[in-house]
Amino acid sequence: MHAAATKLLLVFLFTSMVIISHASSLRFHYINRHNFTTKTRTSSSSPSSSSSSHGSRDRRPSFALVRRDAVTGSTYPSRRHAVLDLVARDNARAEYLASRLSPAYQPTDFFGSESKVVSGLDEGSGEYFVRVGIGSPPTEQYLVVDSGSDVIWVQCKPCLECYAQADPLFDPATSATFSGVSCGSAICRTLRTSGCGDSGGCEYEVSYGDGSYTKGALALETLTLGGTAVEGVAIGCGHRNRGLFVGAAGLLGLGWGPMSLVGQLGGAAGGAFSYCLASRGGSGGADNDAGSLVLGRSEAVPEGAVWVPLVRNPQAPSFYYVGVSGIGVGDERLPLQDGLFQLTEDGTGGVVMDTGTAVTRLPQEGYAALRDAFVGAVGALPRAPGVSLLDTCYDLSGYTSVRVPTVSFYFDGAATLTLPARNLLLEVDGGIYCLAFAPSSSGLSILGNIQQEGIQITVDSANGYIGFGPATC
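On a predicted model such as this, the values are computed, not experimentally measured, just so you know.

Undergrad: Residue-level account of the pairing of strand E11 (residues 213-225), with values.
TA: Consecutive side chains along a regular strand alternate between the two faces of the sheet. When you tally the buried positions in E11, you get 11 out of 13 residues, the bulk of the element. Two elements, strand E5 (residues 128-134) and E11, share two bridges in a ladder whose sense is antiparallel. Paired with Gly133 across the bridge in E11 is Thr224. Across two bridges, strand E8 (residues 179-180) lies against E11 in antiparallel orientation. From the neighbouring strand, Ser179 faces E11, where its bridge partner is Leu220. Taken together, the five bridges between strand E10 (residues 202-207) and E11 define a ladder with antiparallel strand orientation. Directly across from Glu203, in E11, lies its bridge partner Ala217. Here E11 pairs with strand E12 (residues 228-242) via 12 bridges, running antiparallel.

Right, here's the structure in full:
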């Protein structure tokens, strides 16, 4: 019996996920509290896929992801302070998504207006950044990675209204490849909100949930992506930008629309990208090793992944939704009303994948059922006071290892994603861990980045699928 328990401890400490297409008999994971936040190993690839990957490593468009705090230089007196800051940003992001994905949402039109906007936007602050070269010669800039946005934009000189960023402002006058776009061009008409400048150039504007915005000129420019120069990418050159974008020069849109990076690259990227968010480190500070982002079908689409159909929301076509039919705790599927996670015809509800939200949100009924089942399964573990929206917390300071149930997402069809303990609990303070799920303020569900950590996730937007695995990070 002791040998079996030891084996479970070793296996589940270093396994990021379990993906299956049928009912599982795995109900619990044993975790060592002191090693709980240790990084996971990357699972080995097959010999053929490994050879292919290494053979093209130098030319593939890939990026190292950088965590927010590594860019901003933020430090905290304790892990609790860092988590409270994370939760505050998380609430802002979740409320933004609830507003943006509501059928009643109407983008603000700032053309012809000198409106001053108060309050910052954590939607744009992002949790993950990449380093991108803008122009020729390339000017290195940090951009927020956002899978729910289309327009790629950077702050530009001359800047009439700009926020502070980590890098010097991009100056299009110094780039040999910067070329303005006319307002009568097809690419200008592709924008949801565009106008004509005094010189006949295309002007873009992107507004966000709390009134923050970026506004400027649309241009074609060369982007250097992971060492690969890509010419003629349409980007926004923002001369008026307002919001709390915390150090980023702009935003790299990876959404499901034609103006996103993946949409513009088309055949070059094969309509696919892959990312893997590394598990958080054990310290309260920033963890620079945040994972990776890879563009391109041959590089990004792995063999052995479990594929789930994407669901398109006509009201918000840039976002990636997945069909979820239910959730489970241990090997028990929770008794929930049919259609609780369904995307309705008017665009409400549904489950959206989002790297900018940390804590997964579920409708109140779904969250309450998951929380109660989790509490019942862990038994007599000592409770701790809740922390902000995290209302289910435990004091594990007196334990070497604990036994917690898995949580499963049942997707439409046969696929099931079963998450281990490291994707369920967030360390708040020394020995205090909280369940990283929360109720949604609307019918919208958000699969957050804590639940995505350690899993290779592939978005095949050209064919309408999202893949989980087989690799870990």
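We are not done yet, so read on.
Undergrad: Would you mind going over the UniProt feature "active site" (unreviewed entry) in the chain in detail, with residue names and values included?
TA: The feature "active site" (unreviewed entry), as annotated in UniProt, sits at Asp146 and Asp354 in this numbering. Across 209 residues in sequence, these annotated residues keep their C-alpha atoms within 8.1 Å of one another, forming a single compact spot. Residue placement: Asp146 occurs in strand E6 (residues 139-146). In terms of polar contacts, Asp146 uses its side chain to reach the side chain of Arg93, at 3.3 Å. Inspection of the secondary structure puts Asp354 in the loop between strand E20 (351-353) and strand E21 (360-362). Once residues lying within four places of it in the same chain are set aside, the contact partners of Asp354 are Arg93, Leu97, Ser147, Ile446, Leu447, Gly448, Asn449 and Gln452. There is a polar contact of 3.5 Å between the side chain of Asp354 and the backbone nitrogen of Gly356.

Undergrad: Outline the side chain of Gln155, listing residues and values.
TA: Mapped onto the elements, Gln155 comes out in strand E7 (residues 153-155). Polar contacts involving the side chain of Gln155 include one to the side chain of Gln165, which spans 2.7 Å. In this structure the side chain of Gln155 is engaged in a polar contact, spanning 3.3 Å, whose partner is the side chain of Asn241. Not counting residues within four places of it along the chain, the set of residues in contact with Gln155 comprises Cys162, Tyr163, Gln165, Leu169, Phe170, Gly238, Asn241 and Ala249.

Undergrad: If you had to explain helix H9 (residues 364-378) to someone new, which residues and values would you point to?
TA: A rise of 1.5 Å per residue sets the reference length of H9, with its 15 residues, at 21 Å; its end C-alpha atoms lie 21 Å apart and thus fit the reference within 8%. Inspection of H9 places Gly366, Tyr367, Ala368, Leu370, Phe374 and Val378 among the buried residues, and these make up the whole buried set. Backbone geometry just after H9 places Gly379 at a positive phi near 75 degrees.

Undergrad: Could you give an account of the pattern of salt bridges, naming the residues involved and the relevant values?
TA: Close approach of charged atoms lets side chains of opposite charge pair. Applying the stated criterion to the full structure yields 12 salt bridges. Taking the shortest distance from any N to any O, the salt bridge between Glu427 and Arg79 comes out at 3.7 Å. Taken together, the residues Glu427 in strand E27 (residues 425-429) and Arg79 in helix H4 (residues 79-100) connect sequence positions 348 residues apart. One salt bridge connects Arg80 with Asp429, and the closest N-O pair in it is separated by 3.2 Å. Pair noted here: Arg80 is in helix H4 and Asp429 is in strand E27, with a separation of 349 residues, a long-range link. On the basis of relative accessible area, Asp429 is assigned to the partly exposed category, the value being 26%. Bridged by salt links that share partners, the residues Asp85, Arg89 and Glu127 form one connected network.

Undergrad: Any details on the packing of aromatic side chains? Residues and values, ideally.
TA: Counted according to the given criterion, the structure contains six aromatic pairs. Ring plane angle 50 degrees and centroid distance 6.5 Å describe the contact between Phe170 and Phe178, whose orientation is recorded as tilted. A centroid spacing of 5.6 Å and a plane angle of 25 degrees characterise the contact between Trp256 and Tyr320, whose relative ring orientation is stacked. Of this pair, Trp256 sits in the loop between strand E13 (250-253) and helix H7 (261-265) while Tyr320 sits in the loop between strand E16 (306-311) and strand E17 (321-322), and the two are 64 residues apart along the sequence. Trp256 gets classed as buried once you look at its relative accessible area, which sits at 13%. Judged by its relative accessible area of 2%, Tyr320 falls in the buried class. Three or more aromatic residues joined by ring pairs make a cluster, and in this case those are Trp256, Phe273, Tyr275 and Tyr320. Cation over ring: Arg383 sits above Tyr394, and NZ or CZ is 5.3 Å from the ring centre.

Undergrad: Account for unusual backbone geometry, naming residues and giving values.
TA: With an omega dihedral of 0 degrees, the bond running from Ser136 to Pro137 counts as a cis peptide bond. Tracing the sequence through the fold places Pro137 in the loop between E5 and E6. The amide bond that connects Lys157 to the next residue, Pro158, takes the cis arrangement and shows omega of -10 degrees. Its place among the elements puts Pro158 in the loop between E7 and E8.

Rules and cut-offs
Residues numbered from 1 in each chain as written. Predicted model: local features only at pLDDT ≥ 70, side-chain atom pairs only at ≥ 80, totals over all residues. Heavy atoms only, no water. Buried < 20%, exposed > 50% of the residue type's maximum accessible area, 1.4 Å probe, protein only. Helix = DSSP H or I, 4+ residues; strand = E, 2+ residues; numbered from the N terminus. Pairing = 2+ DSSP bridges. UniProt positions renumbered as here; feature names shortened; annotations may be inferred. Polar contact = N/O pair within 3.5 Å; in protein donor to acceptor, adjacent residues only side chain to side chain. Contact = heavy atoms within 4.5 Å. Expected span 1.5 Å × (residues − 1). Salt bridge = Lys/Arg side-chain N within 4 Å of Asp/Glu carboxyl O. Phe/Tyr/Trp six-rings, centres within 6.5 Å; stacked < 30°, edge-to-face > 60°. Lys NZ or Arg CZ within 6 Å of the ring centre and 35° of its normal.

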